[in-house]
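Summary of structural features
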Amino acid sequence: RAFALMSWSRGGGGTGGGGATTTLFRERRRATRAVVVRERRGFGGRLLCLRESDDDGFGHRRRRPIIGKKSPQRQMQKTDVWRKVDEHVTAVVEASFRGEEEEEEEEEENGLGGVVSDAAALELYLRVESRKQREACEKFASEDETASMSHEKRTTTKESISEAKKAARVLEKNGLVFLKSVVPGDVCDRILADLNATCDECKEMYGDALRRTDVLLGADDDGVKEALEFACGEKGGNIRNILSFIDDATEDAVLVELSVLATEKGADRQVLHPDVAYDAPHETLYSVFIALQDVTQDMGPTLFVLNSHDKRTHDQLPKTKWTEKEFDVLRTKTCAEALLKKGDAVLYNARAFHQGGENTHGRRALLTLTFLKPPIPDEPTRRNKECLWSIREDVFLRRFTAKELASGVR
């Protein structure tokens, strides 16, 4: 039997994102998959179900029904790196983290070692592979190849439309475009203040084992309403106009994710991954990472592989266990890092390969928006496995479009 462990996501993001479990190690004695009890937020109602929760090294959670498993809570405590803090907050902790009660139960049942040592071995494997992937990124794009102008340089609607069309062409070609002055600094500060309070509480619970905090936001939370309007409108990120020139998005694309992703000092680099399967039965996702503070090199900025949102690249690059052949493919690609100033953003096609960097400095917080052209499924189809949208149910059900957000949340 096999297990795979998370190397937490979405530097993206990892918009979050999710996919199929990758077999990295085989264990003869016992499986290390976690059995978890969670409330399924299937947006037509709620139900509680048992799921088998594997993590694949991309920071995505997988769900499968289980029959006949014993002691689900006890197994979950041993191997689940995702810790639900409350209805809207999830913490990701180091794989070896154990609370006092967990340590006592584990020692009673199994003695020392076992799951923790296996998890540590896998964590090391992922760390080595992600480092080798980063080293294979040898060519980097200039700012002129990936950036769009700031709204301060757009003085009329006509100029905004013209600039949006140029940005859309960059996005279609490269799979991403950098945007300037998407959200005002004071709005970023208000959102960040609330986030820091939440993350500090998680830090008290998990200490230095805390790696990431995912916080789902309300559309009317302090600063969020203004951020959405600025980001989508002409006086900010111009995202509504940009998406209007993208056939598989349009200005009627619906907001399907709204959260803040915060990584802490000590968070490892992710392995390269896309956030959505190329052959998903819905349109591709378009995600936005908005920096709530300056993102410096030592914070682990998200690295993107340009022109990697095509089918050929998806066929060439496996989920893990890369050989020299895959590294050679990567060496031919041009890359870009999201070294963002506060309020700046990157808008990207979720099929593009990317990885969050190693954070050696301190908390890095990204306001994350994701849009999808209707029809909207209850869950996205990730390249690696199924997972829930990173959004509160009440926000998801309001079905905000980019066009509506540009006019202000009602």
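Attention in this report is confined to the structure presented alongside it. (Residues numbered from 1 in each chain as written. Predicted model: local features only at pLDDT ≥ 70, side-chain atom pairs only at ≥ 80, totals over all residues. Heavy atoms only, no water.)

1. Re the overall build of the protein
We count it as follows: Starting at the N terminus, helices and strands are each numbered in turn, a helix being any DSSP run of H or I of at least four residues and a strand any DSSP run of E of at least two. Working definition: with a 1.4 Å probe on protein chains only, accessible area under 20% of the residue-type maximum means buried, over 50% means exposed, and in between means partly exposed. Surface accessibility follows the Shrake-Rupley procedure with a 1.4 Å probe radius. Residue values consider only the protein chains on display as shielding.
If you tally the helices and strands in the protein, you get 12 helices and 16 strands. For the protein, the residues scored as buried account for 58% of the 410 residues in total. Surface accessibility of the protein: about 16900 Å² in total, with carbon and sulfur atoms responsible for 48%.

2. Considerations on the sheet that holds strand 5 (residues 82–86)
Rule in force here: In this analysis, strands are considered paired if DSSP registers two or more bridges between them. Angles run from 0 to 180 degrees between N-to-C directions of axes, and those axes are lines fitted to C-alpha atoms, restricted for helices to the stretch in contact. For this analysis, residues touch if any pair of their heavy atoms sits within 4.5 Å.
The strand order 5-6-9-10-16-11-14-8 describes an open sheet built from 8 strands, whose pairing is antiparallel. Of all the strands in the sheet, just strand 5 and strand 8 (176–179) have a single pairing partner and so form its edges. Averaged over all neighbouring strand pairs, the angle between strand axes comes to 20 degrees, with direction disregarded. Sheet topology places strand 9 (residues 210–216) next to strand 10 (residues 254–263); 5 bridges connect them, and they run antiparallel. From the neighbouring strand, Arg212 faces strand 10, where its bridge partner is Thr263. Packing of helix 5 (residues 157–174) onto the sheet brings it into contact with strand 8, strand 11 (286–291) and strand 14 (345–349), and relative to strand 8 it is tilted by some 140 degrees. Lying on the sheet, helix 6 (residues 185–206) is in contact with strand 5, strand 6 (89–93), strand 9, strand 10, strand 11 and strand 16 (364–372); it crosses strand 9 at an angle near 130 degrees.

3. A closer look at the environment of Asp194
Residue placement: Asp194 occurs in helix 6. Taking relative accessible area as the criterion, Asp194 reaches 43% and is therefore assigned partly exposed. Residues Asp194 and Asp221, spaced 27 residues apart in sequence, show a C-alpha to C-alpha distance of 9.5 Å.

4. Thoughts on the sheet that holds strand 13 (residues 334–337)
The strand order across the open sheet built from 4 strands is 7-13-12-15, with neighbouring strands paired in mixed fashion. Every interior strand has two partners, whereas the edge strands, strand 7 (139–140) and strand 15 (354–355), have only one. Pairing of strand 12 (residues 303–305) with strand 15, which is carried by 2 bridges, proceeds in the antiparallel orientation. By the bridge assignment, Phe304 is partnered in strand 15 with His354.

5. Quick look at the nonpolar core
What counts here: By nonpolar core is meant a set of buried Ala, Val, Leu, Ile, Met, Phe, Trp, Tyr and Cys residues that side-chain atoms within 4.5 Å join together.
Core analysis: the biggest nonpolar cluster contains 69 residues, and Leu255, Leu258, Ile290, Leu367, Leu369 and Phe371 have the highest contact counts within it. Looking at which element gives the most residues to this core, the answer is helix 6, with 8 residues. Setting aside its immediate chain neighbours within four residues, Leu369 contacts Leu228, Ala231, Leu255, Glu257, Leu258, Tyr286, Ser287, Val288 and Ile290. In terms of nonpolar packing, the next biggest core, distinct from the first, is built from 16 residues, Leu176, Leu261, Val295 and Tyr348 among them.

6. Comments concerning helix 10 (residues 324–331)
As a reminder, the rule being used: As used here, the arc belongs to the directions running from the helix axis to the C-beta atoms.
Residues of helix 10 that are buried: Glu326, Phe327, Val329 and Leu330. Buried residues of helix 10, viewed axially, fall in a sector of 155 degrees; they line one side.

7. A closer look at unusual backbone geometry
Looking along the chain, the bond that leaves Pro374 and enters Pro375 is cis, with omega of 5 degrees. Of note, Pro375 is situated in the loop between strand 16 and helix 11 (393–396). A positive phi angle, near 65 degrees, is found at Asn238, a position not held by glycine. Along the chain, Asn238 falls in the loop between helix 7 (224–232) and helix 8 (239–244). Even without a glycine there, the phi angle at Thr250 is positive, about 70 degrees.

8. Observations regarding the pattern of salt bridges
What counts here: Salt bridges are defined by distance alone: a side-chain nitrogen of Lys or Arg within 4 Å of a carboxyl oxygen of Asp or Glu.
Within this structure, the stated rule accounts for 23 salt bridges. The partner of Arg134 in a salt bridge is Glu337, with the nearest N and O atoms 3.4 Å apart. Separated by 203 residues along the polypeptide, Arg134 in helix 3 (residues 115–136) and Glu337 in strand 13 bring together distant segments of the chain. For the pair shown, Arg134 and Glu337 are each scored as buried. Arg190 serves as the salt-bridge partner of Glu226, at 2.9 Å between the closest nitrogen and oxygen.

9. Describing the side chain of Arg212
Where we set the bar: Think of a polar contact as two N or O atoms within 3.5 Å of one another; within protein, one of them needs to be a possible hydrogen donor and the other a possible acceptor, and neighboring residues in sequence only count if both atoms come from side chains.
Within the element layout of this structure, Arg212 appears in strand 9. Only 2.4 Å separates the side chain of Arg212 from the side chain of Asp214, close enough to count as a polar contact.

10. Regarding the packing of aromatic side chains
Each aromatic ring pair is specified by the distance between its two centres and by the angle formed by the two planes. Here is the rule we go by: In this analysis, rings of Phe, Tyr and Trp, with Trp reduced to its six-membered ring, are considered paired at centre separations within 6.5 Å, and the interplanar angle assigns stacked below 30 degrees, edge-to-face beyond 60, and tilted for intermediate values.
With the rule as written, the count across this model stands at 5 aromatic pairs. Measuring from ring centre to ring centre gives 5.0 Å for Phe304 and Tyr348, while their planes differ by 55 degrees; the resulting arrangement is tilted. With Phe304 in strand 12 and Tyr348 in strand 14, this residue pair connects regions lying 44 residues apart in the sequence. By relative accessible area, Phe304 is classed as buried at 0%.

11. Brief notes about the packing of helix 6 against helix 7
Operational definition: Orientation is classified from the angle alone, with under 35 degrees giving roughly parallel, over 145 giving roughly antiparallel, 65 to 115 giving roughly perpendicular, and any other angle giving oblique. Here a crossing is taken to be left-handed if its near helix is turned anticlockwise relative to the far helix by less than a right angle, and right-handed if that turn runs clockwise. Residues are sorted three ways: Asp, Glu, Lys and Arg are charged, Ala, Val, Leu, Ile, Met, Phe, Trp, Tyr, Cys and Pro are nonpolar, and all the rest, Gly among them, are polar.
Their axes nearest at 9 Å, the elements helix 6 and helix 7 cross at an angle of 140 degrees. Taken together, the axes of helix 6 and helix 7 lie oblique to each other. Seen along the crossing, helix 6 lies across helix 7 with a hand that is left-handed. Every residue of helix 7 that contacts helix 6 at Val187, Arg190 and Ile191 is listed here: Val224, Glu226 and Ala227. For the contact of helix 6 with helix 7, the per-class residue count stands at 4 nonpolar, no polar and 2 charged.

12. Some details on the environment of Glu324
Along the chain, Glu324 falls in helix 10. The partly exposed category is assigned to Glu324, whose relative accessible area is 46%. A polar atom in the side chain of Glu324 sits 3.0 Å from the side chain of Arg331.

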